[in-house]
Amino acid sequence: MDPKSLLAQLTLEEKAALCCGAGPWTTAEVARLEVPRVFVADGPHGVRRVVDEHAMAQTSLPSTDFPTAVSLASSWDTALVREVGEAIGREAAAQGVDVVLGPGANIKRTPLGGRNFEYFSEDPYLAGEMAVAWIDGVQSRGVGASLKHFALNNQEFQRNVIDAVADERTLRELYLPAFETAVRRARPWTVMTAYNKVNGALCAQNAPLLTDILKQEWDYQGVVVSDWGAVRERVASLAAGLDLEMPGPRPRGVRRIVDAVGNGELDVAVLDDAVLRLLRLAARASHRSAAEEPDAAAHHALARRAAADGMVLLSNDGTLPLDGRGTLAVIGRSAEHPHTQGGGSSHINPTRVDIPLEALAAAAPDAEVRYAEGWGADLSPQPERILAAVELARRAEVALVFVALPGSIESEGYDRTELGLPPAQVALIRQVAAAQPRTVVVLNSGGAVDVSPWVDEVAAVLQGWTMGQGGGGALADVLLGRVNPSGKLAETYPLRLEDTPAYLSYPGENGRAPYTEGLFVGYRYYDARGVPVRFGFGHGLSYTRFAYAELEPAAPAFDDGDVLRVAFTVTNRGERAGKEVAQLYVRDVASRLRRPVKELKGFAKVALEPGESKRVTLALDRRAFAYWDPAYGRWVAEAGEFELLVGASATDIRLRATVTMRQGTALPCILRRESTIREWLADERGRAVLEPLMDAIVGGLRAGMGAAEEGAEFIGMDLMGFLMDMPLLNVLSFDQSEDGPTAEERVDAMLAAAHADGAALHRKELP
Ligand code: BGC
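By convention here, each chain's residues receive numbers from 1 onward along its written sequence. Local features in this predicted model are restricted to residues of pLDDT 70 or higher, and side-chain atom pairs are both shown and tallied only at a pLDDT of 80 or more, whereas totals for entire chains, interfaces and linings draw on every residue. Here the side-chain values reflect all heavy atoms present in the structure, with hydrogen atoms and water set aside.

Caption draft 1: Quick look at helix 15 (residues 423-435). Elements are defined by DSSP. Helices are runs of H or I of four residues or more, strands are runs of E of two residues or more, and each kind is numbered from the N terminus. What a helix should span is 1.5 Å times the count of its residues minus one. Compared with an ideal rise of 1.5 Å per residue, which puts 13 residues at 18 Å, helix 15 spans 19 Å between its outermost C-alpha atoms and is within 8% of the ideal. Residues count as neighbours in contact if any of their non-hydrogen atoms are within 4.5 Å of one another. In this fold, the buried residues of helix 15 make contact with strand 12 (326-331), helix 14 (383-394), strand 14 (398-404) and strand 15 (439-444).

Structure below.
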């Protein structure tokens, strides 16, 4: 039966019950009408399907533990991420899971964010592309995704109550676009709200976010689900646009809904809209064709390949790749106990785990691989362990030092407290490096760490991330050069925590986290302030070298709304096959509102044999040039020049070209009584009205002030400069003569004339 006919047959009690979970992982069923329950399970980097469905945090069925989002995003490979999504979808279907709770599309505002390992990037464009690829992959298997956590879950500190306070433009340009892209392009079956508040209201009860933006503006037709336990008041949340409260059962919530409809507090149309969405979800889930048995070995191989492609070679003096001969000192506990994932709801029970130490020994049969633990599980300083490691390193050809942030430090539910590695690991790295010049550090963390105390003392640093169950094998592949590293940072490595954008306002006080840095987060901040960084956004080395040439926009000039194609050539100039992540940034040369120096608007991962060249073409749509102007409440692209910057990272731009937008966005007139002369002249209609009168106005003013002649001394100032930032009304008010119209009447008449022609083009260069 179709959802609309079903809706007509449901009782009020049944409708209310559908809007509240029935169990920790299930929605309610309506047996008499054959409406099936929907079964959900965590993600996002695998399927956490608990064995006993009545338990929340119990051991789950084995499933492939894929690299977490930080690693997937560092691959910059949408095809790969889609493939991972497909595999997760396949495993979910085989376990009877209808919706996988992922991906996370939140922006990394501070490197201390506890869930950063579960999130893609500091950049909304990259995060959006990754989320689309992941959702497309999962949903191609007839399983739904749950895009989360909508919105602004940028810290775990006080996550259930903290009020993330951000201005409209910051929301629109930084924190919402990844969600918007994913909703519009990938149409996730469900969207999960965050725990926190945004601008005063809990996300689960936030009408501007859930109804105005998500459902109306973005035309979202799926189910909005709460994070687990995020709803405080069920009726308020329903009215705000939250369709499903999880987990269940929630008998009080059901009763509240029934009563609220009964006493007129809640419009039944609101309930019906939520129920219709839930009925459509149940119908989608029940239409899935019979599940195929996932191929565990193939998925493990995919996990290994994905982990390798996400690894980032941060620095290398040529020590890597290893030649696989001589004595290899493998030092550090994470070589034996790899940190494959972060803690919390995303925790997977892996089907197997590659141990880096074993994988290295297997991949380098000609080397003598020797191991020293170096640091212990409790992370306390252990001089004897370090001493043994140093001895081993001294007698080897190369030392590989494995360091990791364990789940006790990186987890959902709490933030990191520092950027640095545990002191025991720092001491180990430094002492091993002092004894062995060919020391390579293998990092195993879910986010950026402070490498400053030791990075200049070691030969190479490889960031393996929270790399999933195949990470051990992937590390061996990359260290030995079987896979040429091609990952690039999806987040900046700062020099110091004090340099980070949110340093002064994170984690907030008295329940409020004011996002005072606005949209200047990640490289947007470092660029704007000229703050040097350790490794820039988009940075990552390879065992080969790439050259960039021949940047050609399809046209030198275009109009708002046109798609601008941009082509350039990437060449592999080295001896090894490799993959380059080429990045395209757009810079607005001049704008009415302050904008980031540049913003990522396109990228491509290009595989190249030695000596091979490929032409890359990227398309820029209007959003690539636009910013959100709160004065107009819309996206605005201004006519004028834009620079296209192509490079290997945000700090390594290789090619530049300038293009001109001839016609920008047509905008309504927003001049008002308080508008300044400068604002009048910047508006095409205002200029047409004011310019012809300007000489008379200025002349009259001069005369009134006793400096009638042009060029006469005027109390040592430039009169025009003085007037530019003064409201027209104030300027006209200098004339206090009793005849003729008042200053207010004159301005109102000019405003009426300026507003008369409707939309017009905004001028970019201000006088
Ligand atoms: C997490 C969600 C997760 C849910 C279900 C919450 O604590 O924030 O990401 O999907 O639990 O486990």
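Caption draft 2: Expanded view of helix 6 (residues 168-175). Partly exposed residues are those whose accessible area sits between 20% and 50% of the maximum for their type, while under 20% is buried and over 50% is exposed, using a 1.4 Å probe and protein chains only. Taking burial as the measure, the eight residues of helix 6 include seven buried ones, the bulk of the element. Pairs of N or O atoms are called polar contacts if they sit within 3.5 Å, as long as, within protein, a hydrogen donor faces a hydrogen acceptor (for residues adjacent in sequence, only side-chain-to-side-chain pairs). A side-chain oxygen of the first residue of helix 6 lies 3.1 Å from the backbone nitrogen of R169; this N-cap is D167.

Caption draft 3: Examining the nonpolar core more closely. Throughout this description, the term nonpolar core refers to a set of buried Ala, Val, Leu, Ile, Met, Phe, Trp, Tyr and Cys residues connected via side-chain atoms within 4.5 Å. Among the nonpolar cores identified, the biggest contains 125 residues, and W134, L147, F150, L152 and W228 are the most heavily contacted of them. With residues up to four places along the chain from it excluded, the contact list for W134 reads P44, L72, V81, G85, I88, V100, G102, P103 and A145. Ranked by size, the runner-up nonpolar core spans 40 residues in total, among them A389, V403, V449 and F535.

Caption draft 4: Focus on the pairing of strand 13 (residues 367-372). Only strands joined by at least two bridges in the DSSP assignment are considered to pair. Summarising the sheet, strand 12 and strand 13 pair through six bridges and their orientation is parallel. If you follow A329 over to strand 13, its bridge partner there is R370. The parallel pair strand 12 and strand 13, bridged by helix 13 (residues 356-363), forms a crossover whose chirality is right-handed. Note on handedness: a crossover is taken as right-handed if, strands pointing away from the viewer, the path from the first strand over the helix to the second is clockwise.

Caption draft 5: Representation of the sheet that holds strand 25 (residues 613-620) within the structure. The strand order across the open sheet built from three strands is 20-22-25, with neighbouring strands paired in antiparallel fashion. Across the chains shown, the open sheet's two edge strands, defined by having one partner strand only, are strand 20 (546-553) and strand 25. Strand-to-strand twist across the sheet, computed as the mean angle between neighbouring axes with direction ignored, equals 25°. Bridging between strand 20 and strand 22 (residues 564-572) involves six bridges; their strand directions are antiparallel. Its bridge partner lying in strand 22, P553 is registered against V566. Axis angles are defined between N-to-C directions and span 0 to 180 degrees, where every axis is a line fitted to C-alpha atoms and, for a helix, only to the segment in contact.

Caption draft 6: Geometry of the pattern of salt bridges. A carboxyl oxygen of Asp or Glu within 4 Å of a side-chain nitrogen of Lys or Arg is what we treat as a salt bridge. Under the criterion given, the structure shown has 58 salt bridges. E457 is the partner of R430 in a salt bridge, and the nearest nitrogen-oxygen pair spans 2.8 Å. On the criterion of sequence distance, the pair formed by R430 in helix 15 and E457 in the loop between strand 15 and strand 16 (460-463) is long-range, its members being 27 residues apart. Residue E457 is classed as partly exposed on the basis of its relative accessible area of 35%. For E580, the salt bridge is made with K488, and the minimal N-O distance between the two is 3.1 Å. Residue E580 is located in strand 23 (residues 578-588), and its partner K488 is located in the loop between helix 16 (471-479) and strand 17 (493-494); the two are separated by 92 residues in the primary sequence. Each member of the pair, E580 together with K488, is buried. Several salt bridges converge on common partners, so that one network encompasses R82, E86, R90, R141 and E292.

Geometric values such as these leave the question of function open.
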